[in-house]
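Take a look at the letters that make up each chain.
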Amino acid sequence: MSQDETTPNADASQQAAAENRLIAERRAKLAELREGGNLFPNHFRRDSLAADLQAQYGEFTKEELEEKIFRWRWPAA
């Protein structure tokens, strides 16, 4: 056998080994991230419904609403 005949098999096995290492690294990183808990927590909690807000403030004009001071309540992080 010449070297040209063995090269494709060697390249394929090297490529497969490199892919396996990459997959193993990614799985290890994923396991590490999962141990850390929820990565994308959602702290938003609804305290008003659109219908309630419309009933409470729907009769006001834009200017009247601007006169009132609305302070957004952001949840404590």
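Source: prediction; values computed, not measured.

A look at the overall build of the protein chain
- Scanning the protein chain for helices and strands turns up three helices and zero strands.
- Its helices and strands taken in sequence order, the protein chain reads α-α-α from the N to the C terminus.
- Here the protein chain, with 77 residues, has 0% of them falling under the buried criterion.
- Carbon and sulfur atoms provide 53% of the accessible area of the protein chain, an area that totals close to 8000 Å².

Section: a negative patch on the surface
- Together, E59, E63, E64, E66 and E67 make up a region of like negative charge exposed at the surface.
- Tracing the sequence through the fold places E66 in helix α3 (residues 62-67).
- We classify E66 as exposed; its relative accessible area is 56%.

Considering a nonpolar patch on the surface
- Taken together, the side chains of L33, L39 and F40 make up a nonpolar region of the molecular surface, amounting to roughly 360 Å² of accessible area.
- Note that L39 resides in the loop between α1 (3-35) and α2 (50-57).
- Residue L39 is classed as partly exposed on the basis of its relative accessible area of 47%.

A word on the confidence of the model for the protein chain
- Per-chain confidence: the protein chain averages 81 in pLDDT, with 79% of residues scoring 70 or above.
- Ranking the elements of the protein chain by mean pLDDT puts α3 last with 81 and α2 first with 92.

What counts as what
Residues numbered from 1 in each chain as written. Predicted model: local features only at pLDDT ≥ 70, side-chain atom pairs only at ≥ 80, totals over all residues. Heavy atoms only, no water. Helix = DSSP H or I, 4+ residues; strand = E, 2+ residues; numbered from the N terminus. Buried < 20%, exposed > 50% of the residue type's maximum accessible area, 1.4 Å probe, protein only. Areas by Shrake-Rupley, 256 points an atom, 1.4 Å probe, with all protein chains shown as cover. Patch = residues over 30% accessible without salt bridge, like charges linked within 9 Å, V, L, I, M, F, W, Y side chains within 5 Å. Salt bridge = Lys/Arg side-chain N within 4 Å of Asp/Glu carboxyl O. Lys, Arg positive; Asp, Glu negative; His and termini not counted. Charge placed at Lys NZ, Arg CZ, Asp CG, Glu CD. pLDDT = per-residue confidence, 0-100.

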